Amino acid sequence: MARQAHAIRPLVAGNWKMNGLQANVAEALIVRDAVDGDLASIGADVLIAPPATLMTELSAAIGKSRLLLAGQDCHAAPSGPHTGDIAPEMLKEAGASAVIVGHSERRVDHGETCAEVKAKAEGAQRAGLIAIVCVGETRDERASGFTLDVVLQQLKASLPEQSTAANTVVAYEPVWAIGTGLTPTTSDVEEVHVAIRRELAAIFGEDGERMRILYGGSVKPDNATALMAVSEVNGALVGGASLKASDFLAIVRAYESR
Ligand code: PEP
């Protein structure tokens with residue numbers, strides 16, 4: 001039986017990574033003003049994940065803006081002896097409404113396993129945050145033809161059983177496309193997103209049909225329109241191009257004419 005397509009509100013999320021000092025706050029405020037101004041009726045959610053050091057300040061500065069904030073990582077536990085870590089509850093209190101977990105830079109630089117990513121996503125959901133769960137294949141895995149196996153395996157092992165369309169977003173980020181200027185073809189993106197959607201629907205039913213699936217990996221103003229038009233792409237996770245408000249907003253505008 002053919003699946004029924006659902007209207008899914010897209011999300012464009014900017015991941016500032018380990019970038020962001022006082023001088024960068026102004027960029028976030030430009031985004032805030034656009035999101036509340038000429039982009040107010042664009043029909044997409046817009047989010048920035050600043051470094052944790054700016055969360056409280058940005059939260060106060062954006063106030064009741066439509067612009068959302070997210071953490072870039074969290075610990076699974078609500079509190080405890082974990083020096084240097086941040087609990088999901090802390091991010092929530094500081095003004096975040098979401099947190100990225102399982103970014104490939106965490107999986108590679110910090111050896112995070114899918115089980116740890118799942119525990120972090122559970123912690124995020126417990127705290128009332130949306131868990132943005134990242135999955136993606138390496139260059140070698142794609143070259144060997146294992147892309148779908150790897151991505152679907154990560155998905156199954158990283159998503160908590162209680163995930164819903166409201167508390168979870170999936171981000172498909174081919175590791176080889178992050179920060180490289182390389183992107184898969186739109187048909188390669190579609191193949192993976194359609195496979196993710198099928199898997200989500202099989203696991204979570206109606207919620208899986210409605211869960212947002214973002215594409216991430218070298219999204220720029222000049223490729224955003226084509227990438228965001230791909231079937232089952234419900235927004236973008238943007239790294240480098242989110243640091244400059246004009247570039248980030250140009251990506252958000254891919255949803256302007258829809
Ligand atoms: C990312 O870090 O999630 C990312 C997609 O980075 P970039 O857009 O710079 O490739």
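Conventions and cut-offs
- Residues numbered from 1 in each chain as written.
- Predicted model: local features only at pLDDT ≥ 70, side-chain atom pairs only at ≥ 80, totals over all residues.
- Heavy atoms only, no water.
- Pairing = 2+ DSSP bridges.
- Helix = DSSP H or I, 4+ residues; strand = E, 2+ residues; numbered from the N terminus.
- Axes fitted to C-alpha atoms, helices over the stretch in contact; angles between N-to-C directions.
- Contact = heavy atoms within 4.5 Å.
- Near = heavy atom within 4 Å.
- Polar contact = N/O pair within 3.5 Å; in protein donor to acceptor, adjacent residues only side chain to side chain.
- Areas by Shrake-Rupley, 256 points an atom, 1.4 Å probe, with all protein chains shown as cover.
- Nonpolar A, V, L, I, M, F, W, Y, C, P; charged D, E, K, R; others polar.
- Buried < 20%, exposed > 50% of the residue type's maximum accessible area, 1.4 Å probe, protein only.
- Right-handed = clockwise from strand over helix to strand, strands pointing away.
- Left-handed = near helix turned anticlockwise from the far one by under 90°.
- 1 Å grid on protein atoms, 1.4 Å probe; cavity = no way out; pocket = protein on both sides within 12 Å on 5 of 7 lines; lining within 4 Å.
- Points joined across faces, edges and corners; volume = space filled by probe spheres on them.
- Salt bridge = Lys/Arg side-chain N within 4 Å of Asp/Glu carboxyl O.

Draft legend 1. Layout of the sheet that holds strand β7 (residues 212-216). As summarised here, the arrangement of the eight strands in space is β1-β2-β3-β4-β5-β6-β7-β8, forming a closed barrel in which the pairing is parallel. Here the strands of the sheet are splayed against their neighbours by 25 degrees on average, with no regard to which way each runs. Here strand β3 (residues 68-71) pairs with strand β4 (residues 98-101) via two bridges, running parallel. Note that in β4 the partner of A70 across the bridge is A98. Here helix α7 (residues 147-158) sits on the sheet and contacts β5 (130-135) and β6 (168-172); the angle it forms with β5, its principal contact strand, is near 150 degrees.

Draft legend 2. Region of the structure containing the site of the ligand. Taken together, the neighbourhood of the ligand is formed by 14 residues, with K17, E173, G179, S218 and G239 sitting nearest. A distance of 2.8 Å is found between an oxygen atom of the ligand and a backbone nitrogen or oxygen belonging to S218. A distance of 2.8 Å separates an oxygen atom of the ligand from a polar backbone atom of G240. Calculation on the ligand without its partners gives an accessible area of 290 Å², and the protein chains cover 98% of this total. Looking at the shell around the ligand, its residues break down into four nonpolar, eight polar and two charged.

Draft legend 3. Structural detail: unusual backbone geometry. Non-glycine residue S218 carries a positive phi angle of around 55 degrees. With respect to the secondary-structure elements, S218 resides in the loop between β7 and α10 (224-228). Looking at S218, the relative accessible area reads 9%, which means it is buried. The residue E232 is not glycine, and still its phi comes out positive at about 70 degrees.

Draft legend 4. Fine view of the pairing of strand β1 (residues 11-15). For β1, the buried fraction is high: five of the five residues fall into the buried class. Of the two faces of β1, the one carrying L11, A13 and N15 and the one carrying V12 and G14 are both buried. Summarising the sheet, β1 and strand β2 (residues 45-49) pair through five bridges and their orientation is parallel. Bridge pairing in β2 places L11 opposite D45. Note that the unit made of β1, helix α1 (residues 25-36) and β2 has a crossover that is right-handed.

Draft legend 5. Highlighting the side chain of S65. Inspection of the secondary structure puts S65 in the loop between α2 (55-62) and β3. Judged by relative accessible area, which is 14%, S65 ranks as buried. A polar atom in the side chain of S65 sits 2.9 Å from the backbone nitrogen of L67. For S65, the residues in contact, after removing those within four places along its chain, are R32 and D36.

Draft legend 6. A look at the side chain of D73. Mapping D73 onto the fold places it in the loop between β3 and α3 (88-94). Looking at D73, the relative accessible area reads 15%, which means it is buried. Engagement of the side chain of D73 in a polar contact is seen with the side chain of R106, the distance being 3.3 Å. In this structure, D73 is in contact with L91, V99, I100, R106, E112 and K120, ignoring residues within four places of it in sequence.

Draft legend 7. Fine view of the packing of α1 against α2. Two elements in contact, α1 and α2, have axes separated by 11 Å at closest approach and are oriented at 35 degrees. Of the two elements, α1 crosses α2, and the hand of that crossing is right-handed. Within the contact between the two elements, α1 uses V25, A28, L29 and R32 and α2 uses E57, L58, A61 and I62. A per-class count over the contact of α1 with α2 returns six nonpolar, no polar and two charged.

Draft legend 8. How the structure looks around the layout of surface pockets. For the largest pocket, the calculated volume is near 540 Å³. Forming the walls of the largest pocket are 21 residues, and the residues nearest its centre are M18, Q72, D73, R106 and H110. In terms of residues, the lining of the largest pocket owes the most to one element, helix α4 (residues 104-109), which gives three residues.

Draft legend 9. The arrangement of the environment of V117 in detail. Within the element layout of this structure, V117 appears in helix α5 (residues 114-126). On a C-alpha basis, the gap between V117 and D85 in space is 14 Å, while along the polypeptide they are 32 residues apart. Once residues lying within four places of it in the same chain are set aside, the contact partners of V117 are V101, G102, R107, E112, V133 and S158.

Draft legend 10. Main features of the pattern of salt bridges. Enumeration over the complete set of coordinates arrives at 16 salt bridges. A salt bridge links K120 to E112; the nearest nitrogen and oxygen atoms lie 2.7 Å apart. Under the relative-accessibility criterion, K120 is labelled buried at 10%. Residues participating in the shared-partner salt-bridge network are D73, R106, E112 and K120.

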